[in-house]
Amino acid sequence: MPTRVLFVCLGNICRSPLGEGIFRHLVDEAGLDADFEIDSAGTGHWHVGSPPDPRARDVARRNGVDVESLRGRQVSSDDFRRFDHILAMDRQNLDELLRRRPADADADVRLLRAHDPEGGDDVPDPYYGGRSGFDDVYTMIERCCRSLLGTLRSGAS
Ligand code: 4NP
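From a predicted model like this one, the values you see are computed outputs, not experimental measurements.

**Quick look at the layout of surface pockets**
Then comes step 1: Roughly 190 Å³ of volume is contained in the largest pocket.
Then comes step 2: Along the walls of the largest pocket sit Cys9, Leu10, Gly11, Ile13, Cys14, Arg15, Trp46, His47, Asp125, Pro126, Tyr127 and Tyr128, which together make up its complete lining.
Then comes step 3: Here the lining of the largest pocket is built from residues that sort into eight nonpolar, two polar and two charged.

Listed below in structure tokens is the structure:
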């Protein structure tokens with residue numbers, strides 16, 4: 001059975017597509033693609049069907065990560081049953097996920113930065129900032145994804 005991992009932010013056009021793309025890239029590099037199912041979603045509905053933000057596509061491309069085919073979708077109650085690990089980009093989205101989680105679902109829901117070896121809380125929302133915000137967010141998400149993969153490979157969670 002693959003380990004199913006879902007990255008969640010607000011719009012599903014900036015942070016969580018980067019999480020999905022970066023984590024998939026690391027999993028591919030490690031030759032583990034058969035062992036993981038990876039997706040992303042937003043708690044909001046505004047960008048359903050939209051490609052990632054051009055600034056997220058740009059920072060991904062510059063780092064050799066492909067997010068071009070991703071399209072925004074909203075978190076569904078089925079996601080809480082389907083995914084083993086749901087990683088929220090910030091506390092606002094974590095609270096929203098915990099509020100929406102059905103009682104019979106056993107997905108592990110936590111902050112992505114719970115896996116940050118440097119510690120920290122939120123992956124800040126870069127939407128209303130400039131390009132450098134996307135570089136900072138990319139670095140942070142990549143650091144967390146490397147650590148997450150190490151943890152999941154070792155069987156601990
Ligand atoms: P994301 O960024 O949650 O990282 O995808 C945002 C994208 C869109 C909006 C807010 C945050 N928005 O308000 O439309």
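**Focus: the site of the ligand**
Then comes step 1: Every residue lining the ligand is accounted for by Cys9, Leu10, Gly11, Asn12, Ile13, Cys14, Arg15, His47, Asp125, Tyr127 and Tyr128.
Then comes step 2: Between Asn12 and the ligand, the recorded distance is 3.3 Å, taken from a backbone N or O atom to an oxygen atom.
Then comes step 3: Asp125 has a polar side-chain atom sitting 3.4 Å from an oxygen atom of the ligand.
Then comes step 4: Taking 350 Å² as the accessible area of the ligand by itself, protein coverage stands at 91%.
Then comes step 5: Here the ligand is seated within the largest pocket.
Then comes step 6: Residues that form the shell around the ligand fall into these classes: six nonpolar, three polar and two charged.

**Some points on the nonpolar core**
Then comes step 1: Within the largest apolar cluster, 33 residues are counted, with the highest numbers of intra-cluster contacts made by Phe7, Leu18, Phe23, Phe36 and Ile141.
Then comes step 2: Broken down by secondary-structure element, the contributors of at least two residues to this core are strand 1 (3-9), helix 1 (15-29), strand 2 (36-42), helix 2 (54-62) and helix 5 (131-153).
Then comes step 3: Filtering out sequence-adjacent residues up to four positions away, Phe23 remains in contact with Val5, Phe7, Phe36, Ile38, Cys145, Leu148, Leu149 and Leu152.
Then comes step 4: Of all hydrophobic cores here, the second largest spans 14 residues; its members include Phe80, Ile86, Ala88 and Val109.

**Side note on the environment of Arg110**
Then comes step 1: Mapped onto the elements, Arg110 comes out in strand 4 (residues 108-111).
Then comes step 2: Put simply, Arg110 and Ala88 are 22 residues apart on the chain and 6.0 Å apart in space, counted from C-alpha to C-alpha.
Then comes step 3: Here Asp108 takes part through its side chain, which lies 2.8 Å from a polar atom of the side chain of Arg110.

Cut-offs and rules
Residues numbered from 1 in each chain as written. Predicted model: local features only at pLDDT ≥ 70, side-chain atom pairs only at ≥ 80, totals over all residues. Heavy atoms only, no water. 1 Å grid on protein atoms, 1.4 Å probe; cavity = no way out; pocket = protein on both sides within 12 Å on 5 of 7 lines; lining within 4 Å. Points joined across faces, edges and corners; volume = space filled by probe spheres on them. Nonpolar A, V, L, I, M, F, W, Y, C, P; charged D, E, K, R; others polar. Near = heavy atom within 4 Å. Polar contact = N/O pair within 3.5 Å; in protein donor to acceptor, adjacent residues only side chain to side chain. Areas by Shrake-Rupley, 256 points an atom, 1.4 Å probe, with all protein chains shown as cover. Sits in = over half its atoms within 2 Å of the grid points. Core = buried A, V, L, I, M, F, W, Y, C linked by side-chain atoms within 4.5 Å. Buried < 20%, exposed > 50% of the residue type's maximum accessible area, 1.4 Å probe, protein only. Helix = DSSP H or I, 4+ residues; strand = E, 2+ residues; numbered from the N terminus. Contact = heavy atoms within 4.5 Å.

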